[in-house]
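Letter by letter, the chains look like this.
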Amino acid sequence: MKILITGGAGFIGSHTVVELIEAGHTPIIIDNFSNSEKWIIDRIEKITGQKPTVYEGDCADKKFIADVFQKEKNIDGVIHFAALKAVGESMEKPLEYYRNNLDSTMTILEEITRHKIGNFVFSSSATVYGDPKENPIPEIAPRQPATNPYGNTKSIIEDIIRDLASADKNFSALSLRYFNPIGAHSSGLIGELPKGTPNNLVPYLTQTAAGKRKELTIFGDDYPTPDGTGVRDFIHVVDLARAHIAALDYLKKQPKPFYDIFNIGTGKGTSVKEIIETFEKINRVKVPYKIGPRRPGDIAACWADPSKINKIIGWRAEKTIADALKDAWKWEKNIS
Ligand code: NAD
Ligand code: UDP
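Residues numbered from 1 in each chain as written. Chains lettered and ligands numbered in written order. Predicted model: local features only at pLDDT ≥ 70, side-chain atom pairs only at ≥ 80, totals over all residues. Heavy atoms only, no water.

Peer 1: Looking at this structure, I do not really get the overall build of the protein. What am I missing?
Peer 2: From N to C terminus, the protein includes eleven helices and 14 strands. Scaling as 2.2 N^0.38, a compact globule of 336 residues should have a C-alpha radius of gyration of about 20 Å, and the protein matches this with 19 Å. For the protein, the spread of C-alpha atoms along the principal axes amounts to about 55 × 45 × 40 Å. Partitioning the intrachain contacts of the protein with sequence separation of at least 6 by distance along the chain shows that 81% fall at a separation of at least 24. Looking at charge distribution, the protein has the averaged site of its 44 positive side-chain charges lying 2 Å from that of its 43 negative ones. (Helix = DSSP H or I, 4+ residues; strand = E, 2+ residues; numbered from the N terminus. Rg over C-alpha atoms; globule rule 2.2 N^0.38 Å. Contact = heavy atoms within 4.5 Å. Lys, Arg positive; Asp, Glu negative; His and termini not counted. Charge placed at Lys NZ, Arg CZ, Asp CG, Glu CD.)

Peer 1: Where do I start with the site of ligand 2 in this structure?
Peer 2: Taken together, 13 residues form the shell around ligand 2, and within it T217, F219, R232, R295 and D298 come nearest. A distance of 2.6 Å separates an oxygen atom of ligand 2 from a polar atom in the side chain of R232. D298 places a side-chain nitrogen or oxygen 2.5 Å from an oxygen atom of ligand 2. With the chains in place, 86% of the 510 Å² that ligand 2 exposes on its own is no longer accessible. With four residues, strand β8 (residues 216-219) is the largest single contributor of residues to the shell around ligand 2. (Near = heavy atom within 4 Å. Polar contact = N/O pair within 3.5 Å; in protein donor to acceptor, adjacent residues only side chain to side chain. Areas by Shrake-Rupley, 256 points an atom, 1.4 Å probe, with all protein chains shown as cover.)

Peer 1: Honestly, the pairing of β8 in this entry has me stumped. Any pointers?
Peer 2: One face of the sheet, then the other: side chains in a regular strand alternate in exactly this way. Residues L216 and I218 point to one face of β8 and are all buried, whereas T217 and F219, pointing to the other face, are not buried. As defined by bridge partners, β8 adjoins strand β13 (residues 289-292) across four bridges and the pair is classed as parallel. What sits directly across from F219, in β13, is G292. (Buried < 20%, exposed > 50% of the residue type's maximum accessible area, 1.4 Å probe, protein only. Pairing = 2+ DSSP bridges.)

Peer 1: Could you clarify how one ought to interpret the site of ligand 1 in this entry?
Peer 2: Taken together, 27 residues lie around ligand 1, and D31, N35, S36, K85 and Y150 are the ones closest in. In the environment of ligand 1, an oxygen atom lies 3.3 Å from a nitrogen or oxygen atom belonging to the backbone of G10. For ligand 1, a nitrogen atom lies 2.9 Å from a polar atom in the backbone of C59. Starting from 820 Å² of accessible surface for ligand 1 in isolation, the protein chains cover 95%. Among the secondary structure elements, those contributing two or more residues to the shell around ligand 1 are α1 (11-22), α5 (94-114), β5 (120-125) and α6 (149-167). No other element matches β5, which puts three residues into the shell around ligand 1. For the shell around ligand 1, the per-class residue count stands at eleven nonpolar, twelve polar and four charged. (Nonpolar A, V, L, I, M, F, W, Y, C, P; charged D, E, K, R; others polar.)

Peer 1: Looking at this structure, how should I read the side chain of R177?
Peer 2: Along the chain, R177 falls in strand β6 (residues 172-178). Among the polar contacts made by the side chain of R177, one reaches the side chain of Y129 at a distance of 2.9 Å. Excluding its chain neighbours within four sequence positions, the residues that come into contact with R177 are S124, S125, A126, V128, Y129, E139, R143, E158, I261, F262, N263 and I264.

Peer 1: Any chance you could explain α1 here in plain terms?
Peer 2: Every α-helix winds through 3.6 residues per turn, so residues three or four apart in the chain are directed the same way. Between the first and last C-alpha of α1 there are 17 Å, a value that for twelve residues agrees with the 16 Å anticipated at 1.5 Å per step. Burial in α1 covers these residues: F11, I12, G13, S14, H15, T16, V17, V18, E19, L20 and I21. Downstream of α1 by one or two residues, G24 has phi in the positive range, about 90°. (Expected span 1.5 Å × (residues − 1).)

Peer 1: Honestly, the packing of helix α9 (residues 272-283) against helix α11 (residues 321-335) in this entry has me stumped. Any pointers?
Peer 2: Helices that pack against each other are described as a pair by the angle of their axes relative to one another and the distance between those axes. Packing of α9 against α11 leaves a shortest axis separation of 9 Å and a crossing angle of 65°. Taken together, the axes of α9 and α11 are roughly perpendicular relative to one another. For the pair α9 and α11, the sense of crossing is right-handed. Here α9 contributes I275, T278, F279, I282 and N283 to the contact with α11, which in turn contributes I321, A322, L325, K326 and W329. Looking at the contact of α9 with α11 residue by residue, the class counts come to seven nonpolar, two polar and one charged. (Axes fitted to C-alpha atoms, helices over the stretch in contact; angles between N-to-C directions. Parallel < 35°, antiparallel > 145°, perpendicular 65-115°, else oblique. Left-handed = near helix turned anticlockwise from the far one by under 90°.)

Shown next as structure tokens:
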């Protein structure tokens, strides 16, 4: 299949492009490189032996997007990763987040409907569940009002997609709610590239192990969890990437119009302390850390019930936390 990948040079996008190529598909990347590097494309070529077609530009630019769809005939589906994703920044710059994330999606959806393509896969997030009443979280758990503009863009876009699927008989789509993607490609050639100080646990951890940061702070050890630290469903980014290929194969077989939502997680919660301990053990490296106060807005625990995608699509996460932390460290050493 010929698949358009918006944000294909980013963390999850680049791994998905590799998996698409390895599964025999033809990915076409659109990226404005606002949060990624051009050399990632060379790395994709180094891993797969194929250089994907890349269009550099903004997904919210109507003319540019119309030209891409015009030029690339016979697109079979679209995976829409392109978005700004920093929660804290979204609170400082709400308009930038709403403009970028909503306009990008609307522009892409307009072209999809114009060309009667369907097969749209959207990067949603477990953030739409807010602080869940219970874990693991099934897709039928209620969404909660977002506590930040980034999270709100995910809820709003899910609704836009649902509405389009009930109005346009040629449209079909899936929203995939990702839990916490971590890790890197096992080659160590592509991985996460945070700009400035990382907000997420694993990049902060690898940068501390590499000596780029003095110490890691555990944000709170007084949560009602087994060891007091936060618990998340950390999923290897390559497993997550593969979920997209399985999702597209499934979507292609559904009668149109069609819309559904799937969690993408392992079904297992892992604490912040367990992440640090596993990282130290698997990589034989010490990570200086201290206990600090809770980070405002954080929840105690959140992990997926992935049984819906396991049963219906047949995808399940295969890699371990240790695999992810080994690969993340390999990547960090390559870019340090
Ligand atoms: P990323 O920032 O690494 O990748 C996003 C890519 O999109 C970047 O290459 C960026 O340059 C590009 N981009 C952004 N706005 C664009 C625009 N207007 N036009 C063209 N390109 C644009 O992020 P990621 O971690 O790979 O996340 C991918 C998607 O998954 C995002 O939608 C994100 O919200 C979602 N998501 C990520 C996580 C996570 O923890 N990483 C969790 C849940 C959901
Ligand atoms: N965390 C931490 N120190 C850090 C970054 C994160 O203790 O420097 C914790 C955070 O409080 C949460 C978990 O690690 O319990 C995952 O945080 P992350 O920002 O990676 O993802 P989130 O679940 O917040 O999207």
